[in-house]
Amino acid sequence: MSNKQKVLVTGGAGFLGSHLCDRFLDEGFEVIAMDNLITGSLSNIAHLFGRDGFTFVKHDVTNYTFVEGNLDYILHFASPASPIDYLKLPIQTLKVGALGTHKILGLAKEKKARVLIASTSEVYGDPLEHPQTEDYWGNVNPIGFRGVYDEAKRFMEAMTMAYHRYHGVETRIVRIFNTFGPRMRLEDGRALPAFASQAINGEDITVFGDGSQTRSFTYVDDLIEGIYRLLFSEEVNPVNIGNPQEISILDFAKEIIELTGSSSKIAFKDLPKDDPKVRRPDISKAKEVLGWEPQVERRAGLKVTLEYFKEQIHGVPQT
Ligand code: NAD
Ligand code: UDP
């Protein structure tokens, strides 16, 4: 029997989950990736099959969830994550945030495992405070189309704190701000994959509204480092992990055009309802309790990610 510590990654075949599997295997853990493949893909973890200590389990975590033997850590990342995905999968999004989180907390209690759950800047909704600190309670429309995601994540945080307070489960909550990098799905409708595929294919870049809304984009390696530090910290309350470098969506579209050398033009489309007008993390807490701050500048991360997208579109590495 192996004496390695074991970690379960739900949503392990997704964009972020697959990077977590890589990191924890590299750190010497046994890793179980659990996923029902509703928005993820085995191609994200194909390189891990056959690697010592790695197992994949196809399972929907909204159903009873069990793992044989010891379990030390759980990283709960299962959930549709892009507005297009949760618009298409509203019930599944609510179920995984609520029922799935309940199952995972129950498993953590049974195994005496420490659990870290993936929350989001969306708990702040269309924020009336800027930048957003962890103390801000948010401005969320519960019945709008984003409500299925935002409220599921808010419920998830409430349930996690209840398991911590009532059952003494060791819990951690990360509030993730827009993150990008290789293995994002080209068709997930988020701004970067949409702009990148449009730019690479020479199509119009679809900017919603007048593009004055802002976001703050984090490169995936920085996020994974923040999550790793949070898991092994003593911080129980939520921690923002994100890059505070803020940009308007119009400028972001122009940046993608420039970095791809595309001749695409910008086409303005209607702004989806409840689209947050601003978003930027206050990361004072992450700096203080985790000694964490982003290391990868947006443009540097974009160059790597755009190469990945080109490879996905053309089928071969572009050098
Ligand atoms: P993703 O869609 O690539 O990954 C999510 C994974 O969860 C997919 O592989 C999907 O198949 C799986 N999944 C969904 N429902 C499931 C279920 N019921 N049972 C088992 N597996 C299920 O998305 P992502 O960007 O990697 O996001 C991962 C997590 O991080 C999500 O919880 C998301 O809310 C959170 N998050 C991501 C971002 C971001 O910028 N990427 C920002 C904030 C929060
Ligand atoms: N957006 C856009 N064109 C697109 C996709 C997204 O202008 O083709 C905008 C979207 O309205 C939002 C921003 O880009 O203001 C970021 O969108 P994304 O879906 O990436 O994430 P979220 O809104 O969840 O932050």
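Structure: see above.
Residues numbered from 1 in each chain as written. Chains lettered and ligands numbered in written order. Predicted model: local features only at pLDDT ≥ 70, side-chain atom pairs only at ≥ 80, totals over all residues. Heavy atoms only, no water.

**Focus on the packing of aromatic side chains**
Operational definition: Pairing of aromatic rings covers Phe, Tyr and Trp, the last counted by its six-membered ring, and requires centre-to-centre distances within 6.5 Å; plane angles under 30 degrees mean stacked, over 60 mean edge-to-face, and any other angle means tilted. Comment: elements are numbered from the N terminus, with helices defined as DSSP H or I runs of at least four residues and strands as E runs of at least two. In this scheme, a residue with accessible area under 20% of its type's maximum is buried, one over 50% is exposed, and one in between is partly exposed, where area comes from a 1.4 Å probe on protein chains only.
For the coordinates displayed, the defined rule picks out 16 aromatic pairs. Relative to Phe252, the ring of Phe195 lies with its centre 6.2 Å away and its plane at 50 degrees, an arrangement referred to as tilted. Of this pair, Phe195 sits in helix 5 (residues 191-200) while Phe252 sits in helix 7 (residues 249-260), and the two are 57 residues apart along the sequence. You'll find Phe195 and Phe252 in the same group, each marked buried. A connected cluster of aromatic rings, assembled from ring pairs, spans Phe24, Phe29, Tyr73, Tyr228 and Phe232.

**Comments concerning the layout of surface pockets**
Definition in use: Only protein atoms enter the 1 Å grid used here, on which a cavity is any set of points holding a 1.4 Å probe that cannot leave and a pocket is any open set flanked by protein within 12 Å on both sides along at least five of seven lines; residues with an atom within 4 Å of a point are listed as lining. Grid points are joined across faces, edges and corners, and a volume is the space filled by probe spheres set on the points. Polar here means any residue other than Ala, Val, Leu, Ile, Met, Phe, Trp, Tyr, Cys and Pro, which are nonpolar, and Asp, Glu, Lys and Arg, which are charged; Gly is therefore polar.
When its volume is computed, the second largest pocket comes out at roughly 190 Å³. Trp137, Arg154, Glu157, Arg175 and Pro238 are the residues nearest the centre of the second largest pocket, which is lined by 13 residues in total. No other element matches helix 4 (residues 147-167), which puts 5 residues into the lining of the second largest pocket. Residues belonging to the lining of the second largest pocket are distributed by class as follows: 7 nonpolar, 1 polar and 5 charged.

**Some words on the sheet that holds strand 5 (residues 114-120)**
In plain terms, the rule: Strand pairing requires that DSSP identify at least two bridges connecting the strands. Each axis is a line fitted through C-alpha atoms, and for a helix only the stretch in contact is used; angles between axes span 0 to 180 degrees, taken between their N-to-C directions.
Strand order in this open sheet of 7 strands is 3-2-1-4-5-6-11, and the pairing throughout is parallel. Where the open sheet ends on each side, the last strands, each with one partner, are strand 3 (54-58) and strand 11 (239-241). Averaged over neighbouring strand pairs, the angle between their axes works out to 20 degrees when direction is ignored. Here strand 1 (residues 6-10) runs beside strand 2 (residues 30-35); their pairing, made up of 5 bridges, is parallel. Directly across from Thr10, in strand 2, lies its bridge partner Met34.

**Let's talk about the side chain of Thr305**
This is how it is decided: Contacts are assigned to residue pairs that have any heavy atoms within 4.5 Å of one another.
Structurally, Thr305 can be placed in helix 9 (residues 298-314). In contact with Thr305, not counting residues within four places along its chain, are Phe180, Gly181, Pro182, Leu192 and Tyr219.

**Considering the site of ligand 2**
For the record, the criterion: Summary of the distance rule: residues count as near a molecule or strand when at least one heavy atom falls within 4 Å of that molecule or strand. N or O atoms within 3.5 Å of each other form a polar contact, as long as, within protein, one can give a hydrogen and the other can take it, and as long as residues adjacent in sequence are counted only when both atoms are side-chain atoms.
For ligand 2, the set of nearby residues contains 18 residues, the closest of which are Thr206, Phe208, Arg215, Asp275 and Arg279. Between an oxygen atom of ligand 2 and a main-chain N or O atom of Phe208, the distance comes to 2.7 Å. Here an oxygen atom of ligand 2 sits 2.5 Å away from a polar atom, N or O, in the side chain of Arg279. Among the secondary structure elements, those contributing two or more residues to the shell around ligand 2 are helix 5 and strand 8 (205-208). Looking at the shell around ligand 2 residue by residue, the classes come out as 8 nonpolar, 4 polar and 6 charged.

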